[in-house]
Amino acid sequence: MERQPRALQVVLLAGLVALVAFPLVGEKFYLQFITKVMIMAIFAMSLDLLVGYTGLVSLGHALFFGVAAYALMLLTPEYQAAGFWTSLGASLGIAALAALVVGFFVLRTSGIYFIMVTLAFGQMTYFYVHDSSHLGGSDGKYIYVRPVLEIAGWSPFDLEKPSHFYYVALAMMVLVYFSLRVLLASPFGRVISGIKENEHRMRMLGFATFRYKLVCFVLAGALAGLAGWLVAAHDGLVNPEMLSWHQSGQLLMMVILGGMGTPSGPILGAAALKVLELLFQGWTKHWQLLLGGFIVLSVLLLPRGLAQLFESWRRD
Amino acid sequence: MTEPALRTAALRKDFGGLTAVNDVALECRVGELHAVIGPNGAGKTTLINLLSGDLAPSSGRVELFGRDVTGLPSHSISQLGVGRSYQRTNIFMRFTVFENCRLAAQSRLPSSMRFLKPAVRYREVNAAAARAVELAELCGREQVPATALSHGERRQLEVAMTLATRPKLLLLDEPLAGMGAEESARMVELLKKLAPGHAMLLVEHDMDAVFALASVLTVMVNGAVLASGTPEAIRANREVQEAYLGSEDGE
C-alpha cells in the first residue's frame, strides 16, 4: 500500500476512535446523521475509484446507488423483513449488472462525451422510475421493516437500533476503505492509474484497456450499490431523487472537495459537505448560498481537496 | 532462412484524398536493423502506426512472425512481441522511472486482473523492469519521477519501457529526435547492443546514425518505397541521391 502522510494517518486513526466511541455518548439524531455520512462516504469512495483513480468523470453514478436501493424495496415483503445477505447480495448484483450494461456503452467514449452519456443513462433511469407507478412514482415507496440477519435463530445485530446500524455502516466503510487500498496497490490498481495517466500508452504496452475500465466500472457500481442498499435500509424509504443527477452531482462535489484520487479524500469530502449542510441549514434558509461559497473557496484554496491540508504536514 | 519477424505486402493508408502510405512491401528479420528514411511527409510515422496497430490500413497486409495481423488492435499486436517507441516522448510522466518500466513489464503477466497481492511484489515483473532500466542505462535514476528527467533520459526511458515488454520486434520512431550529440551517441550504442537479439525497424532523420546502424535501408518518398537495399547500395543509388540524400547533404 502507498504510505499516507503521517499527519493524515494520525487524523484518520483519531477519527476512527472517535467514531467507535461516539454511540456511547451521542444522541440518536446525531447517530443517524453520522450513519448517513458514513454511507455517503462509501458512495463517494466508489465514485473516486472512477474519477480519481481511472480518470473517468461520471455524472450518472447515482444510477447504481438508486437501483440497489429500489432492489431492496422490491425484495422487502410488506410488513416483513428481507434477508440481510440475500437482499444485500441482490442489491449489489443488480447494481453490478447495471454497471456492466451501462459501462459497455459509455466506456466507448471519453472526456466530455463520457460525462454526457453517463448523465444520459442516469436521467433515463431516473425518469423511468419517476414515471413507474409500481415503483411508487415520484413519491417513492416505504420499506417498513429493515433487513434482518439471522444465523440459526441468533442475530448479531438489530438494524432497527440506531447504534447497531451505526456500527454496521462504520464496519462497511472501514472495509471498503481498506479493500480499495489493497485494490489500488494490486496489478489491477496499477493498470487503472496507468489508464488515467496515459491510456494510449497502456494500449501500446499491450493492455486491453477497455476490459480493465469495464471491470473498474462494475466494481464502482457494486460499491455504489452497497451504499444504496444501506441508505434504503437506513431511511426505510426510496424515491426517484436517489437516482437523479443532483445526487450524482453532489457526490462528485464530495469527491472533488475531499480530494480526488486520495484514499481518504472522499470520506473527508462526504463528512465536510454533510456537516456544513447541517450547520448552514441551522443558520439560514439561504444555506445553499453559503455552501456554494464554501465550495468555491475551498476549490480555489485547496485545488487538490481537503486531503491536501494534511499533505503539507508531511515533513514534520 | 528463418521467417521474417515482420512482412508487409501492398500496404496502403488513405486519409481522405491523401495516400500517406502507398503499396509498401518490406521485411525485417531478427538480428536485422531495418531503417526507413525519407523526407518529412514521406509517410514513415504513418507506416509505423500501421505496423503497431495504432492505425488500420486501408488495404494490404501486415504479417508478424508469419501470422496475418492486419487490423488487429494495438494491444493484441503488442502482446505478440512488438514494442514501439514514439517520436514524441510518450511515457507516464507522474510515475517514477522504475514504475514506468514496472508497469510496462506487468503487461506480460498473463493477466493484470489481479486484485489482492501488491503489484510491487511480483518478482518476475520487478526483475524484467530492472533489466530494462539497466539495458537503457538508467541505473541510479529508478526513483526519479519521469517529469524530472532530461529530454535524453526520457527518450532512454521510452526505449526502456518498450524493452520491458520483452519484444522480439522493435518499432522505433525517431529515437534520436531532439537529442544532443552525446545523448545521441549513447542511444546509438544502446541500439547497437540491442540489434543482435531483436528485429528492429527504425525511422530516423539522423543520417550518420542510420548509416552506422542499419543493415537494410528503405527510402520512402510520398508514401511509396523509392529504393530498398544495403546501406552501400542505397548510398550509390542515383535516384535516392536526387530525391533525398543530395538535397539534405548540408545537414
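All residue numbers refer to position in the chain's written sequence, counted from 1. Just so you know, chain letters begin at A and ligand numbers begin at 1, following the order they were written in. Side-chain atom pairs in this predicted model are given and counted only at pLDDT of 80 or more, local residue features only at pLDDT of at least 70, and totals for whole chains, interfaces and linings cover all residues. Excluding hydrogens and water, the side-chain values take into account all heavy atoms of the structure.

Trainee: Which parts of the structure should I look at to understand the side chain of A:Gln123?
Mentor: Residues and elements named next belong to chain A. Turning to its location among the elements, Gln123 is positioned in helix 5 (residues 111-130). Reaching out from Gln123, the side chain makes a polar contact with the backbone nitrogen of Trp245 at a distance of 3.2 Å. When checking whether two residues touch, look at their non-hydrogen atoms; a contact exists if any pair is within 4.5 Å. When neighbours within four sequence positions are excluded, Gln123 is seen to be in contact with Leu243, Ser244 and Trp245. Think of it this way: any DSSP run of H or I at least four residues long counts as a helix, any run of E at least two long counts as a strand, and we number them from the N terminus. In protein, a polar contact requires one atom able to donate a hydrogen and another able to accept it; more generally it is a pair of N or O atoms within 3.5 Å, and residues adjacent in sequence count only if both atoms are side-chain atoms.

Trainee: How do you make sense of the environment of A:Met202 when you look at a structure like this?
Mentor: Relative to the helices and strands, A:Met202 is located in helix 7 (residues 187-204). Sequence spacing of A:Met202 and A:Trp283 is 81 residues, and the spatial spacing of their C-alpha atoms is 51 Å. Beyond its immediate chain neighbours, meaning those up to four positions away, A:Met202 contacts A:Val191, A:Gly194, A:Ile195, A:Phe207, A:Thr209, B:Phe92 and B:Leu103.

Trainee: Hey, could you run me through the pairing of strand 10 (residues 216-221) of chain B in this one?
Mentor: One face of the sheet, then the other: side chains in a regular strand alternate in exactly this way. Residue and element names in this part refer to chain B. Each residue is assigned to one of three classes by its accessible area relative to the maximum for its type, calculated with a 1.4 Å probe on protein chains only: buried under 20%, partly exposed between the two thresholds, exposed over 50%. For strand 10, the tally of buried residues reaches five of six residues, placing the bulk of the element in the interior. Note on pairing: two strands pair once DSSP finds at least 2 bridges between them. Two elements, strand 4 (residues 33-37) and strand 10, share four bridges in a ladder whose sense is parallel. Within strand 10, the position partnered with His34 by the bridge is Val216. Here strand 10 pairs with strand 11 (residues 224-229) via five bridges, running antiparallel.

Trainee: Even after reading the chapter, I still don't get the pattern of salt bridges, so can you show me in this structure?
Mentor: Oppositely charged side chains can pair when the atoms bearing their charge come close. All names here are of chain B. What counts as a salt bridge is simple: a side-chain nitrogen of Lys or Arg found within 4 Å of a carboxyl oxygen of Asp or Glu. Counting across every chain of the model gives 21 salt bridges over all chains. Among the salt bridges present, the one from Glu99 reaches Arg102, with a minimum N-O distance of 2.9 Å. Note that Glu99 and Arg102 are positioned in helix 3 (residues 97-106) at a spacing of three residues, about one turn of the helix. Judged by relative accessible area, Arg102 falls into the buried class, the value being 1%. Members of the salt-bridge network, linked through shared partners, are Arg7, Glu27, Arg29, Arg61, Glu63 and Asp68.

Trainee: Teacher, can you tell me more about the nonpolar core here?
Mentor: For soluble globular proteins, nonpolar side chains are generally found buried alongside one another. Residues A:Ile42, A:Phe64, A:Met173, A:Phe217 and B:Leu157 are the most contacted members of the largest nonpolar core, which totals 160 residues. It is helix 2 (residues 28-54) of chain A that contributes the most residues to this core, 17 residues altogether. No fewer than three residues from each of domain 1 (15-81 + 167-251) and domain 2 (88-166) of chain B sit in this core. With residues up to four places along the chain from it excluded, the contact list for A:Phe64 reads A:Ala95, A:Ala98, A:Ala99, A:Val102, A:Phe217, A:Gly221, A:Ala224 and A:Gly225. Definition used in this section: a nonpolar core is a set of buried Ala, Val, Leu, Ile, Met, Phe, Trp, Tyr and Cys residues joined via side-chain atoms within 4.5 Å. Core analysis: the next-biggest nonpolar cluster, separate from the first, contains 24 residues, B:Leu11, B:Leu26, B:Leu171 and B:Leu201 among them. An automatic or database domain assignment supplies the start and end points of every domain.

Trainee: Is there a simple way to think about the interface of chain A and chain B in this case?
Mentor: A common way to express how large an interface is: the accessible area buried when the components associate. The interface of chain A with chain B comprises 26 residues on the first partner and 35 residues on the second. Carbon and sulfur atoms make up 62% of the area that chain A and chain B hide from each other, which totals about 2500 Å². For the pair chain A and chain B, the number of links is three salt bridges. Here chain A and chain B share 23 residue pairs in polar contact (both at pLDDT 80 or more) between them. Only helix 6 (162-185), helix 7 and helix 8 (209-235) of chain A provide two or more residues apiece to the side of chain A that touches chain B. Looking at the side of chain A that touches chain B, the element that brings in the most residues is helix 7 of chain A, giving 14 residues. Residue composition of the side of chain A that touches chain B, by class: 14 nonpolar, six polar and six charged. When two components associate, each loses some accessible surface as probed by a 1.4 Å sphere; the sum of these losses over both components is called the buried area. Classification used: nonpolar for Ala, Val, Leu, Ile, Met, Phe, Trp, Tyr, Cys and Pro, charged for Asp, Glu, Lys and Arg, polar for all others including Gly.

Trainee: Got a minute to help me understand a nonpolar patch on the surface in this structure?
Mentor: Patch membership requires more than 30% relative accessible area and the absence of a salt bridge. Residues of like charge join within 9 Å; the nonpolar side chains Val, Leu, Ile, Met, Phe, Trp and Tyr join within 5 Å. In this description, accessible areas are obtained by the Shrake-Rupley approach with a 1.4 Å probe, and a residue is regarded as covered only by the protein chains that are shown. The grouping of A:Leu13, A:Leu16, A:Val17, A:Val20, A:Leu24, A:Val25 and A:Tyr167 at the surface amounts to a nonpolar patch, some 690 Å² of accessible area in total. Here the element with the most residues in the nonpolar patch is helix 1 (residues 6-25) of chain A; it accounts for six residues.

Trainee: Is there a simple way to think about helix 5 (residues 151-164) of chain B in this case?
Mentor: Along an α-helix, residues three or four positions apart point the same way, because every turn accommodates 3.6 residues. Take the residue count of a helix, subtract one, and multiply by 1.5 Å to get its expected span. Taking 1.5 Å per residue as the helical rise, helix 5 of chain B with its 14 residues ought to reach 20 Å, and the 20 Å between its terminal C-alpha atoms agrees with that figure. Within helix 5 of chain B, twelve of the 14 residues are buried, leaving the element largely enclosed by the surrounding structure. Among all positions of helix 5 of chain B, only B:Gly152, B:Glu153, B:Arg155, B:Gln156, B:Leu157, B:Glu158, B:Val159, B:Ala160, B:Met161, B:Thr162, B:Leu163 and B:Ala164 are buried. Looking at the buried residues of helix 5 of chain B, the elements they touch are helix 7 of chain A together with strand 7 (82-85), helix 3, helix 4 (123-135), strand 8 (169-173) and helix 6 (181-194) of chain B.

Trainee: How do you make sense of helix 5 of chain A when you look at a structure like this?
Mentor: All names here are of chain A. In this model helix 5 runs 29 Å from its N-terminal to its C-terminal C-alpha over 20 residues, within 8% of the 28 Å that 1.5 Å per residue would give. Here helix 5 has its buried residues at Phe114, Thr118, Leu119, Phe121, Gly122, Gln123, Thr125, Tyr126 and Val129. Buried residues along helix 5 sit against helix 3 (62-75), helix 4 (84-106), helix 8 and helix 9 (245-258).

Trainee: Hey, could you run me through the side chain of B:Gln106 in this one?
Mentor: With respect to the helices and strands, B:Gln106 occurs in helix 3. Among the polar contacts made by the side chain of B:Gln106, one reaches the main-chain carbonyl oxygen of A:Pro187 at a distance of 2.9 Å. Discounting chain neighbours no more than four positions away, the residues touching B:Gln106 are A:Pro187, A:Phe188, A:Arg190, A:Val191, A:Phe207, B:Ser112, B:Ala119 and B:Val125.

Trainee: Could you clarify how one ought to interpret the domain arrangement of chain B in this entry?
Mentor: Residues and elements named next belong to chain B. Parsing chain B into structural domains produces domain 1 (15-81 + 167-251) and domain 2 (88-166). Spacing between the C-alpha centres of domain 1 and domain 2 amounts to 25 Å. At the interface, 19 residues of domain 1 touch 15 residues of domain 2. Among the residues of domain 1 in contact with domain 2, Pro167, Arg186 and Leu190 are the three that bury the most area, contributing 32% of the side total. Joining domain 1 to domain 2, the criterion identifies one salt bridge. Taking the shortest distance from any N to any O, the salt bridge between Glu137 and Lys193 comes out at 3.4 Å. On inspection of domain 1 and its partner domain 2, the count reaches eight residue pairs in polar contact (both at pLDDT 80 or more). Elements that contribute at least two residues to the side of domain 1 that touches domain 2 include exactly helix 2 (74-79), strand 8 and helix 6. Here the element with the most residues in the side of domain 1 that touches domain 2 is helix 6; it accounts for six residues. Partitioning the side of domain 1 that touches domain 2 into residue classes produces eight nonpolar, five polar and six charged.

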